[in-house]
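# Chains, contacts and geometry: an overview
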Amino acid sequence: KTSLMNRIKQFNPSVLHFSSHGKRQGKYVSFLFHDGAFIGAMDFCAEMKMMHVHVNVAVLAACHSALLAKRLTDDGIATWAIGANGTIADEKIIAFTRCFYLCLLKSGSDSNGGYLISEVRTAYNDTLKTLKGKIDMNDFSLYPLEGAGENVLDADRGHAVEKVCV
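Description of the structure in this document. Just so we're clear, the structure is a prediction, and the values are computed from it rather than from any experiment.

Strand order in this open sheet of 4 strands is β1-β5-β6-β7, and the pairing throughout is mixed. Each of the sheet's edge strands pairs with one partner strand only, and the pair in question is β1 (15-19) and β7 (140-144). With direction set aside, neighbouring strand axes in the sheet form an average angle of 15°. When strand β6 (residues 78-84) meets β7, the two strands line up antiparallel, connected through 5 bridges. Note on β7: the bridge partner recorded for Trp-80 is Pro-144. Contacts from helix α3 (residues 66-74) reach β5 (55-61), β6 and β7 within the one sheet, and its direction differs from that of β6 by about 170°.

Moving on: the pattern of salt bridges. If you walk through the whole model with that rule in mind, you get 2 salt bridges. Here Lys-70 makes a salt bridge to Asp-74, at a shortest N to O gap of 3.2 Å. In this pair, Lys-70 and Asp-74 both sit in helix α3, 4 residues apart, roughly one turn of the helix. In this structure Lys-70 comes out as partly exposed when scored by relative accessible area, which is 33%. Accessibility expressed as a relative area gives 41% for Asp-74, which makes it partly exposed.

Here we take up the environment of Gly-83. Positionally, Gly-83 belongs in strand β6. Classification of Gly-83 as buried rests on a relative accessible area of 0%. Separated by 18 residues in the primary sequence, Gly-83 and Ser-65 place their C-alpha atoms 4.7 Å from one another. Filtering out sequence-adjacent residues up to four positions away, Gly-83 remains in contact with Leu-60, Ser-65, Ala-66, Ala-69, Asp-139, Phe-140 and Ser-141.

Glancing now at the environment of Leu-128. Turning to its location among the elements, Leu-128 is positioned in helix α5 (residues 117-130). With 12 residues separating them in the primary sequence, Leu-128 and Phe-140 have C-alpha atoms 9.1 Å apart. Not counting the four nearest positions on each side in its chain, Leu-128 is found in contact with Phe-96, Ile-135 and Met-137.

The next thing to look at is the packing of aromatic side chains. Counted by the stated rule, this structure contains 5 aromatic pairs. Residues Phe-96 and Tyr-124 carry aromatic rings whose centres are separated by 6.0 Å and whose planes lie at 70° to one another, so their mutual orientation is edge-to-face. With Phe-96 in helix α4 (residues 90-107) and Tyr-124 in helix α5, this pair connects stretches of sequence that are 28 residues apart. Taken together, a centroid distance of 4.0 Å and an interplanar angle of 15° make the contact between Phe-96 and Phe-140 stacked.

This next bit is on the pairing of β5. Extensive coverage of β5 is indicated by the burial of 7 of its 7 residues. Sheet topology note: the β1/β5 ladder contains 5 bridges and is parallel. When the bridges of β5 are listed, Phe-18 appears paired with Leu-60. Handedness of the β-α-β unit built from β5, α3 and β6 comes out right-handed.

Let's shift gears to the environment of Met-5. Topologically, Met-5 is positioned in helix α1 (residues 2-11). Each C-alpha atom, one on Met-5 and one on Met-51, is 7.9 Å from the other, the two residues being 46 residues apart in sequence. Those residues within four positions of Met-5 in sequence are excluded, and the remaining contacts are Phe-44, Glu-47, Met-48 and Met-51.

Thresholds, definitions, all that
- Residues numbered from 1 in each chain as written.
- Predicted model: local features only at pLDDT ≥ 70, side-chain atom pairs only at ≥ 80, totals over all residues.
- Heavy atoms only, no water.
- Pairing = 2+ DSSP bridges.
- Helix = DSSP H or I, 4+ residues; strand = E, 2+ residues; numbered from the N terminus.
- Axes fitted to C-alpha atoms, helices over the stretch in contact; angles between N-to-C directions.
- Contact = heavy atoms within 4.5 Å.
- Salt bridge = Lys/Arg side-chain N within 4 Å of Asp/Glu carboxyl O.
- Buried < 20%, exposed > 50% of the residue type's maximum accessible area, 1.4 Å probe, protein only.
- Phe/Tyr/Trp six-rings, centres within 6.5 Å; stacked < 30°, edge-to-face > 60°.
- Right-handed = clockwise from strand over helix to strand, strands pointing away.

Below you can see the structure in the form of structure tokens.
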């Protein structure tokens, strides 16, 4: 867990792709790490918050990751986060993330590698349209950072990002 957090802090990614196996026990969700240990969703967020990590987009390719996605945006760690609702077959998660990244790449990014909010939303919606009939439209959720405004400066990256109220 610590090595993952250190790498996130070291590379300061604009897009964070988190691939794991998620499990739900009651109201608690945890994720499997490469060393066989599980970390709770709330502990993961607390660690990222403590390290002052911020990413523009977090794509959580793990079962039951919608709770973590929502928490990442609620805590201001991610501007946008995508998570899976419930148990999703690996091939569906892979198809979704592959298609999402292709759609996001088509939208382009600014010179700092950041994506405008409208580009993330468009890529998400295009992914759902493209995969209609192959995945359930309720398999994944997209969460925005709370807040209103037209253009807000993303201080961590030093560029303007469009913010949308949803």
